[in-house]
Amino acid sequence: MRPFLLLVLVLFAIWIAMTVIGFIVKGLFWLAVVGLLVAAGTAAIGTSRRR
């Protein structure tokens, strides 16, 4: 697996975990919002660079 793709997958997994934790812990709603935004950004960058 290419190193860049591995990095994107690891970052995506971290952001998804942050999102889930943010939704579970009600007081950390901002963490869920930030996690969703960053996960979407990471997915977009990974998709655009893969092509």
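Here the structure is a predicted model, which means the values were calculated and not measured. (Residues numbered from 1 in each chain as written. Predicted model: local features only at pLDDT ≥ 70, side-chain atom pairs only at ≥ 80, totals over all residues. Heavy atoms only, no water.)

J.: Which residues make up the overall build of the protein chain, and what are the values?
T.: For the protein chain, the helix and strand inventory stands at two helices and zero strands. Considered along the principal axes of its C-alpha atoms, the protein chain spans approximately 40 × 15 × 10 Å. Taken across its 51 residues, the protein chain has 18% of its residues classed as buried. Accessible area for the protein chain stands at about 3,900 Å²; split by element, carbon and sulfur atoms hold 78% of it. (Helix = DSSP H or I, 4+ residues; strand = E, 2+ residues; numbered from the N terminus. Buried < 20%, exposed > 50% of the residue type's maximum accessible area, 1.4 Å probe, protein only. Areas by Shrake-Rupley, 256 points an atom, 1.4 Å probe, with all protein chains shown as cover.)

J.: With reference to specific residues and values, describe the packing of helix 1 (residues 3–24) against helix 2 (residues 29–50).
T.: Here helix 1 crosses helix 2 at 160°, and the two axes come no closer than 7 Å. Judged on the interaxial angle alone, helix 2 and helix 1 are roughly antiparallel. The chirality of how helix 1 crosses helix 2 is left-handed. Facing Phe4, Val8, Leu11, Phe12, Trp15, Ile16, Met18, Thr19, Ile21, Gly22 and Phe23 of helix 1, the residues of helix 2 in contact are Phe29, Leu31, Ala32, Gly35, Leu36, Val38, Ala39, Thr42, Ala43, Ile45, Gly46 and Arg49. Of the residues belonging to the contact of helix 1 with helix 2, the class tally is 17 nonpolar, five polar and one charged. (Axes fitted to C-alpha atoms, helices over the stretch in contact; angles between N-to-C directions. Parallel < 35°, antiparallel > 145°, perpendicular 65-115°, else oblique. Left-handed = near helix turned anticlockwise from the far one by under 90°. Contact = heavy atoms within 4.5 Å. Nonpolar A, V, L, I, M, F, W, Y, C, P; charged D, E, K, R; others polar.)

J.: Quick rundown of the environment of Arg2? Include the residues and the values.
T.: Structurally, Arg2 can be placed in the segment before helix 1. Sequence separation between Arg2 and Ala39 is 37 residues; the distance between their C-alpha atoms is 20 Å.

J.: How would you sum up the side chain of Thr19? Please name residues and give values.
T.: If you trace the backbone, Thr19 turns up in helix 1. By relative accessible area, Thr19 is classed as buried at 5%. Reaching out from Thr19, the side chain makes a polar contact with the backbone nitrogen of Leu36 at a distance of 3.3 Å. If we ignore the near neighbours within four places in the chain, the residues touching Thr19 are Ala32, Gly35 and Leu36. (Polar contact = N/O pair within 3.5 Å; in protein donor to acceptor, adjacent residues only side chain to side chain.)

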